[in-house]
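Here is how the chains run, residue by residue.
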Amino acid sequence: MSDAELVLRSTRVITPEGTRAASVAVSAGKITAVLPHDAPVAEGTRLEDVGDHVLLPGLVDTHVHVNDPGRTEWEGFWTATRAAAAGGITTLVDMPLNSLPPTTTVDHLRTKQAVAAGKAHVDVGFWGGALPGNAKDLRPLHEAGVLGFKAFLSPSGVDEFPHLDQDALARSLAEIASFDGLLIVHAEDPHHLAAAPQHGGPRYADFLASRPRAAEDTAVAQVIAQARRLHARVHVLHLSSSDALPLIAAARADGVRITVETCPHYLALTAEEVPDGASEFKCCPPIREAANRDLLWQALADGTIDCVVTDHSPSTADLKTADFATAWGGISGLQLSLAAVWTEARRRGHDLADVVRWMSTRTAALVGLDARKGAIAPGRDADFAVLAPDAAFTVDPARLQHRNRVTAYAGKTLYGVVQSTWLRGERIVADGEFTEPRGRLLSRTP
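Owing to the predicted nature of the structure, the values given are computational and were not obtained by experimental measurement.

Draft legend 1. Spatial organisation of the packing of helix 7 (residues 213-230) against helix 8 (residues 245-253). Put simply, helix 7 and helix 8 touch, their axes get as near as 10 Å, and they point 10° apart. Classified by the angle their axes make, helix 7 and helix 8 are roughly parallel. Every residue of helix 8 that contacts helix 7 at Asp217, Val220, Ala221, Ile224 and Arg228 is listed here: Leu247, Ile248 and Ala251. Class assignment of the residues belonging to the contact of helix 7 with helix 8 gives a composition of 6 nonpolar, no polar and 2 charged.

Set out below in C-alpha cells:
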C-alpha cells in the first residue's frame, strides 16, 4: 500500500468474492487493492476506519427521471443527485423524458449534458429515446454515448414522448440491433389498458383495475417476440406483474437476449396498504397485491429478475391529487431505495451481498459500466457507501433531498442508515453534509 492515497477499512467489506474484513486501497480515484484488514498503512496515507459499518460499492441506479431542463420544478440535477448521494447511490442514468427537450436527438442530448454539467453530485449517464419516426437518430445517439434507448408501448403521460406501436417498435428495434444497442421498454399494452374499467376517483382498487396484469403480460410477450426475431437486446422496465415471469424465464432459456428489472416500491409496498386518495402511491404499472410481491421476491432470488432500480419519477405536490385517474403517476425513491429494499430483504433472509448484486453489480453491467462501477475490486472507481445496516429510522419527508418531498414511505420505519458516500475516493456526503458537486457525465464505452 505504499502508493495508496487513501485506505478504507471495515470489518465487513462486500467484495465479489464475499463479505470479509478488509482494507481497500485507493489511488487516483481507483481501487488499487483489496487487502487483509490488518494490512499495514504507509506513513502519509490517509486511513478511514469505519469499524463494523458495512463498506459496499456505490449503487448504480439506471432508471431515474431528473426532468431537467424543462420541468425543473419537478426535479433537477442538483436535487436529484444530492438525494442519490444521501442514499448511497453514486451513479444514476437519466431517462430521456420528462425533460424538455426529450433526449431523442444528439442536439437534445448536448442540451441536457450542458445543463447537468457542474450540478451533479454523483456520476450521470443518459438514455436516448426511441419515438415514432426517429429511427434515423438512434445510431447518432449511440455514437454520441447514450447507454441505450427507452421506448413506451402505451402512452407515456407526456405529449412530447409518444409511444411505439408494433410496427414502429419493429423499425426501432431493427435499427438498434444493427449496432447491438439496448432497447429498454415500458411494457404495457394500450389495447388492454383501453379495455380496462376506467372509473377514476380516489379508490385505489379502481386504479389497480385500470392497469391490469394482462396489459404487462401481453406487452412483455410482444417484446420477446420482436427480440427473438431480430436477435436484439431488450430490457423490461419496472416489472410489476408476476404473471409475466414464466414468459421471461422461458424466453431466456430459449436464447432470447432479455433482462428485467423491478423497483423498491413493488418489493416494499402492497396494494392492500394503499389508502384511498393517497396518490403518492400511484405509479404505472401499479403496486400490486402482497401475493404478487412474494413472487417478485422469488424471481429476484432465482435470477429471473436481474436488478432493482428506483424509477424515481417525481412531480410537484399539486399534481398528486386525490383522484388516481388524474394524479401524476410516479414515486420518488432515490434517497430511500437502499433502505426500502434492505428492510424487506433482511426480513426475507437475504443479505447485503444480494442487495449489492441487484442494485449495483447487475445495474452497472446492464449499461456497460461494469469495468468502472458496481464492485469493490481493483481497477474499479472508488465509489462506496458506508452503511449501518441494523440502524433504523422513521421516514420524515422534511429530511429528503428531493425537490418535492412527496413520498409513499412517509412515516415508515426502515433499516439501513447511510453514514457516508464516496465518489472516486472523495467523501461527497457524511451526516447530511454535502461537498460541492463532483459528479462526471458518463458515456458508453466503445
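Moving on from the coordinates now.
Draft legend 2. The sheet that holds strand 11 (residues 182-186), seen in detail. The strand order across the open sheet built from 6 strands is 9-10-11-12-13-14, with neighbouring strands paired in parallel fashion. With one partner strand each, in any of the chains shown, strand 9 (128-129) and strand 14 (307-308) form the two edges of the open sheet. The pairing of strand 9 with strand 10 (residues 149-152) spans 2 bridges and is classified as parallel. Along strand 10, the bridge assignment pairs Gly129 with Lys150.

Draft legend 3. A look at the pattern of salt bridges. A complete count under the given rule lists 27 salt bridges for this structure. Between Glu426 and Arg438 there is a salt bridge; the shortest N-O distance is 3.3 Å. Separated by 12 residues along the polypeptide, Glu426 in strand 17 (residues 426-430) and Arg438 in the segment after strand 18 (433-434) bring together distant segments of the chain. On the basis of relative accessibility, which here comes to 38%, the residue Glu426 falls in the partly exposed class. Looking at Arg438, the relative accessible area reads 38%, which means it is partly exposed. Connected via shared salt-bridge partners are Lys30, Asp123, Lys373, Asp381, Asp383 and Arg424.

Draft legend 4. Structural context of helix 4 (residues 166-178). Across its 13 residues, helix 4 extends 18 Å between first and last C-alpha, which sits within 8% of the 18 Å expected from 1.5 Å per residue. Within helix 4, burial applies to Ala168, Leu169, Ala170, Ser172, Leu173 and Ile176. Structurally, the start of helix 4 carries an N-cap: the backbone nitrogen of Asp167 is 3.2 Å from a side-chain oxygen of Asp165. With its phi angle positive at about 55°, Asp180 sits one or two positions after the end of helix 4.

What counts as what
- Residues numbered from 1 in each chain as written.
- Predicted model: local features only at pLDDT ≥ 70, side-chain atom pairs only at ≥ 80, totals over all residues.
- Heavy atoms only, no water.
- Axes fitted to C-alpha atoms, helices over the stretch in contact; angles between N-to-C directions.
- Helix = DSSP H or I, 4+ residues; strand = E, 2+ residues; numbered from the N terminus.
- Parallel < 35°, antiparallel > 145°, perpendicular 65-115°, else oblique.
- Contact = heavy atoms within 4.5 Å.
- Nonpolar A, V, L, I, M, F, W, Y, C, P; charged D, E, K, R; others polar.
- Pairing = 2+ DSSP bridges.
- Salt bridge = Lys/Arg side-chain N within 4 Å of Asp/Glu carboxyl O.
- Buried < 20%, exposed > 50% of the residue type's maximum accessible area, 1.4 Å probe, protein only.
- Expected span 1.5 Å × (residues − 1).
- Polar contact = N/O pair within 3.5 Å; in protein donor to acceptor, adjacent residues only side chain to side chain.

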